[in-house]
Every structure is written in structure tokens, then in C-alpha cells.
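# Structure at a glance
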Amino acid sequence: FSLKSQRRANGAEPLARFGEAKKVLGDIYAEINGYVDELNGFYEDLSTDSNPSAVVKVSDEQRKGLLDLSASIRIIRETFQRDHMKVVFFGRTSNGKSTTINAMLHDKVLPQGMGHTTCCFLQVEGCSESEGYLLRDDIEEKLPLAELRSYGNALGDDDRALPSAGGYNRTLRVFHPRTAADGHANRLLQNDVVIVDSPGVDVSPEFDSWIDAHCLDADVFVLVSNSESTLTNAEKQFFHRVSQRLSKPNIFVLNNRWDASASDGLDTANMVRRQHEQRLKEFLVDELHVCTEREVKERIYFVSSREMLEARLKELGKQEKAFQQEFYKERRVEFEKFERVFEQCISRSAIHTKLEAHNRRAIEIVNKMRENCDAVQLAMGDQKRDRLLSMEESSSAFTRCREEFGRFEQACRLQTERLRAEVHVKVSADIAE
Ligand code: GDP
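For clarity, every value in this text was computed on a predicted model and none was experimentally measured.

The full set close to the ligand counts 17 residues, and Ser94, Ser98, Thr99, Gly113 and Arg257 are the nearest of them. Measuring from an oxygen atom of the ligand, one finds a backbone N or O atom of Asn95 at 3.3 Å. For the ligand, the protein covers 84% of the area, taking 580 Å² as the surface of the free molecule. Counting residues per element, the ones that place at least two in the shell around the ligand are helix H4 (97–105) and helix H10 (305–315). Residue contributions to the shell around the ligand peak at 3 residues, all from H4. Residues that form the shell around the ligand fall into these classes: 1 nonpolar, 11 polar and 5 charged.

Shown next as C-alpha cells:
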């Protein structure tokens with residue numbers, strides 16, 4: 001019963017698949033590590049003089065080869081435990097990036113309406129503590145969440161603001177509880193999604209250093225645009241640079257503040273929508289070449305993040321009234337559709353780009369172990385020939401030696417076969433889809 005069919009049967013959500021794949025990889029690496037240890041012990045046994053099978057010596061090269069594999073496995077296991085899915089939000093100041101992130105988190109995690117004063121990247125991550133906290137990139141001490149506005153605020157008059165010496169390139173990490181005090185679980189944070197809010201694209205031209213520092217490991221980009229205006233040059237330029245640096249980045253565009261179209265009447269709203277769709281299609285398909293004409297329909301949405309956030313806060317009993325304009329339901333359906341497609345996209349991308357590299361490495365390690373076993377078997381053949389040639393065919397030493405070689409050959413073959421059959425097949429089948 002494979003993981004894939006298990007998932008289908010449980011109707012497991014896409015985000016959980018990243019965690020499942022990570023767990024499978026963890027199990028595979030633990031298993032491979034077990035095999036390496038076992039093989040090490042086996043070589044050790046054969047090379048001790050007290051062992052009767054010590055007719056065969058395993059060379060230092062093969063033994064060192066195994067120790068090197070052990071070390072690589074340890075490093076990989078430590079690294080991939082830190083792997084996560086990452087989404088970066090871009091757009092002009094006040095287009096609603098923070099509001100959109102809060103709507104997706106069903107909570108007011110980031111301060112809204114900070115205007116031009118957001119001086120750094122805010123990276124939201126889940127934590128297991130019941131209280132959230134902040135971490136600056138220059139000091140280790142945990143800071144209270146309540147001070148987010150002053151730390152993230154370049155123009156704040158207190159001296160706690162992050163110095164702008166690093167340009168707008170600094171990061172303030174915002175740790176938010178994966179499960180809130182009222183027991184409400186945060187799906188994105190629970191499933192290892194890291195969300196990055198950027199300073200508005202209008203405040204800084206340092207796009208290349210932004211990309212180097214924050215975007216090279218991003219799985220998805222969300223451009224939050226203002227549906228009341230067209231894309232600016234700065235917004236377009238940024239994504240041109242992104243698509244030159246990263247191969248085929250996954251870009252979504254949220255035309256935010258679509259609630260404003262309600263007062264224009266349906267005909268005008270539909271016409272404006274078609275114009276936006278046409279321009280964005282040209283931008284994503286023809287200019288950036290990041291998706292096809294078929295895919296682009298799933299990349300552009302018309303939403304009101306403010307309505308969505310307020311509706312969710314009201315449903316959770318966190319506020320009494322919620323801001324809603326005509327056609328709110330349609331915008332809500334569209335926001336929820338964006339979330340579904342986004343979750344599928346980020347999970348697929350992270351599994352492919354991040355975990356598959358570890359999967360390929362696991363297969364390489366298994367192949368190296370096999371080569372190692374094969375080399376020992378080959379060397380054993382030579383040793384056997386040399387030893388037997390130097391003995392009399394009829395002597396009892398000759399018979400004992402031949403039996404010992406036979407036992408060793410058998411054990412070595414079994415070890416190799418097990419590695420081939422059990423590990424290799426398991427690695428390929430469980431992760432690759
Ligand atoms: P950011 O600078 O891009 O992070 O923008 P914010 O999220 O801080 O939003 C700026 C202001 O726009 C805030 O006062 C929000 O309440 C408001 N806002 C955000 N999204 C919407 C929306 O969809 N509709 C309306 N009417 N206002 C919004």
C-alpha cells in the first residue's frame with residue numbers, strides 16, 4: 001500500500017505532502033544509515049584476526065569510503081530537517097501585502113498600514129511555543145512580538161528600529177505559534193510554510209541583492225497588485241530580474257482591493273477585469289515566459305484581502321463586524337480558490353526542488369555502497385586465488401580456507417542484494433511521483 005494511494009484514500013491536503021515526503025526521506029536515510037553501520041561492522045569483523053573468516057582483508061580504501069558515506073548521511077539528515085516551503089510577497093507599498101498574509105494566516109500577525117516605513121523583510125515562521133516572538137538578524141535574544149512595529153519601522157523614533165545600514169535588505173523573523181491559545185491550528189505554519197513580506201518595490205532599487213538574500217530558495221512568488229491601477233515599471237522590473245535569475249519561477253498575481261469595483265457596476269467591473277487579465281497574461285506568458293496560456297488562468301485572481309481577513313476574524317470571534325461590499329461572496333470564492341492552487345503549487349515545487357535533491361543523493365549513496373561491496377567481493381576473488389594457489393589441493397588447510405571464502409562470498413552477495421532490492425526500490429518509489 002504505497003504512500004500515494006494512502007494519500008488518495010485519506011484525501012490528504014497538498015501542504016501535508018511536503019511533511020510526509022520529508023518523513024519518508026528521514027526514514028530512508030535512517031535505514032541507509034543502518035545499512036552503512038551494519039556493513040561497517042561486517043568489514044570490521046572480517047578484518048579482525050580473532051575471527052576465523054579473517055582470511056579476507058577489507059582494504060583501508062573501502063573502509064574509509066564507508067566512513068565518508070556515514071559522515072555525508074549525518075550532514076544530509078541535519079540539513080533537510082531545516083528544509084521548508086517558502087513564499088515571498090511583493091508589490092508596491094499599501095497594495096495590501098500584509099493584509100493578504102494576515103488573511104491567509106487567519107490572524108493579524110503583521111501590522112497593516114505601515115506605509116513607506118517598513119524597512120526590512122519580515123519572515124513569518126511557525127514556533128512550538130505558546131507565545132510568539134521576534135528574532136533580529138544581528139542579535140540572538142528573543143524579542144517580544146508587541147515590538148514588531150517599532151523594530152520593523154525605519155522611521156520609528158526609538159533606537160530599536162533596525163539600522164538601515166544594510167539597506168532594505170535586513171530580515172526580522174516573526175515567530176508565531178503553530179497552534180493558537182484557543183486551539184486553532186494554523187495550517188500554513190503547521191506545515192512548514194515560511195512567509196516573507198518585502199518592503200514595497202517602490203522603495204528600493206536593490207532588486208538583485210534582494211533576490212540573492214531572500215528569493216533564491218523561494219518556491220512561490222505572490223505579486224500583490226492594486227486592481228485600481230496598472231502594474232508599475234518597478235513591479236515589472238523586479239519580476240524580470242527574478243525570472244532571469246531563477247528558472248521558471250512560480251508567480252501568482254493577486255489583483256487586490258477588488259471590493260472597490262463593486263461601486264462601478266457589473267459591466268464596468270467586468271471590462272476592467274478583462275483588461276487586467278489581458279495585460280497580466282501578456283506579462284506572464286509573453287514577456288516573462290513563466291507559464292503557458294493554459295496555466296495563466298490559475299495564476300491571476302481578483303480578491304479583497306481586507307474582506308477576507310475581516311470575515312475570518314469575525315468567524316473566529318475576534319471582531320464583531322466585518323467589512324463587506326457587494327459581490328463579497330464571489331471574491332471570497334476566488335480568494336479560497338487562490339489558496340487551494342497556491343498550496344498545490346508550493347508543495348509540488350518544494351518537493352521537487354528541495355527534497356528530490358536529497359532523494360537523488362540517497363540513490364547515489366546506495367550506489368556507492370554497492371560499488372564498495374562489489375570492490376570488496378572482487379578483491380576477495382583475487383585474495384582467494386592467491387591463497388589457494390599457494391596451498392596443496394589435498395591439504396585440510398586448503399579445504400578450510402575454501403569453505404571460509406565460500407561463507408564470505410555468500411554473506412557479501414546477500415548484503416549487496418539486500419541493498420539493491422530493499423533500499424534502491426524504496427527510495428525511488430516513495431518520493432518520485
Ligand atoms: P502593504 O504595505 O502592501 O503591506 O499594505 P497593507 O496590507 O499594510 O495595507 C495598506 C492599507 O490598505 C491598510 O489600511 C489595509 O486595511 C488596506 N487594504 C488592504 N487590502 C485591502 C482590500 O482588499 N480592500 C480595501 N478596501 N482595503 C485594503
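Attention now goes to the sheet that holds strand S4 (residues 143–144). Read from one edge to the other, the open sheet built from 9 strands follows the order S4-S3-S5-S2-S6-S1-S7-S8-S9, with strand pairing classed as mixed. Among the strands making up the open sheet, the edge pair consists of S4 and strand S9 (300–302). Alignment of strand S3 (residues 133–136) against strand S5 (residues 171–177), held across 4 bridges, turns out to be antiparallel. Each residue of the ladder has a partner; that of Leu134, found in S5, is Val174. Here helix H7 (residues 207–215) sits on the sheet in contact with strand S1 (85–90), strand S2 (121–127), S5 and strand S7 (220–226), set at roughly 150° to S1.

Turning our eyes to something else, we now look at the pattern of salt bridges. Applying the stated criterion across every chain, the model contains 25 salt bridges. Of the charged contacts, one joins Lys354 and Asp219 as a salt bridge, the two residues approaching to 2.8 Å between their closest N and O atoms. Remark: Asp219 occurs in the loop between H7 and S7 and Lys354 occurs in helix H11 (residues 328–389); sequence separation between them is 135 residues. Both residues of the pair, Lys354 and Asp219, belong to the buried class. Here Glu310 makes a salt bridge to Arg306, at a shortest N to O gap of 3.1 Å. Taken as a pair, Glu310 and Arg306 lie in helix H10 at a separation of 4 residues, close to a single helical turn. By relative accessible area, Arg306 is classed as partly exposed at 43%. What emerges from the salt-bridge pattern is a single network uniting Asp208, Asp212, Arg241 and Arg245.

Thresholds applied
Residues numbered from 1 in each chain as written. Predicted model: local features only at pLDDT ≥ 70, side-chain atom pairs only at ≥ 80, totals over all residues. Heavy atoms only, no water. Near = heavy atom within 4 Å. Polar contact = N/O pair within 3.5 Å; in protein donor to acceptor, adjacent residues only side chain to side chain. Areas by Shrake-Rupley, 256 points an atom, 1.4 Å probe, with all protein chains shown as cover. Helix = DSSP H or I, 4+ residues; strand = E, 2+ residues; numbered from the N terminus. Nonpolar A, V, L, I, M, F, W, Y, C, P; charged D, E, K, R; others polar. Pairing = 2+ DSSP bridges. Contact = heavy atoms within 4.5 Å. Axes fitted to C-alpha atoms, helices over the stretch in contact; angles between N-to-C directions. Salt bridge = Lys/Arg side-chain N within 4 Å of Asp/Glu carboxyl O. Buried < 20%, exposed > 50% of the residue type's maximum accessible area, 1.4 Å probe, protein only.

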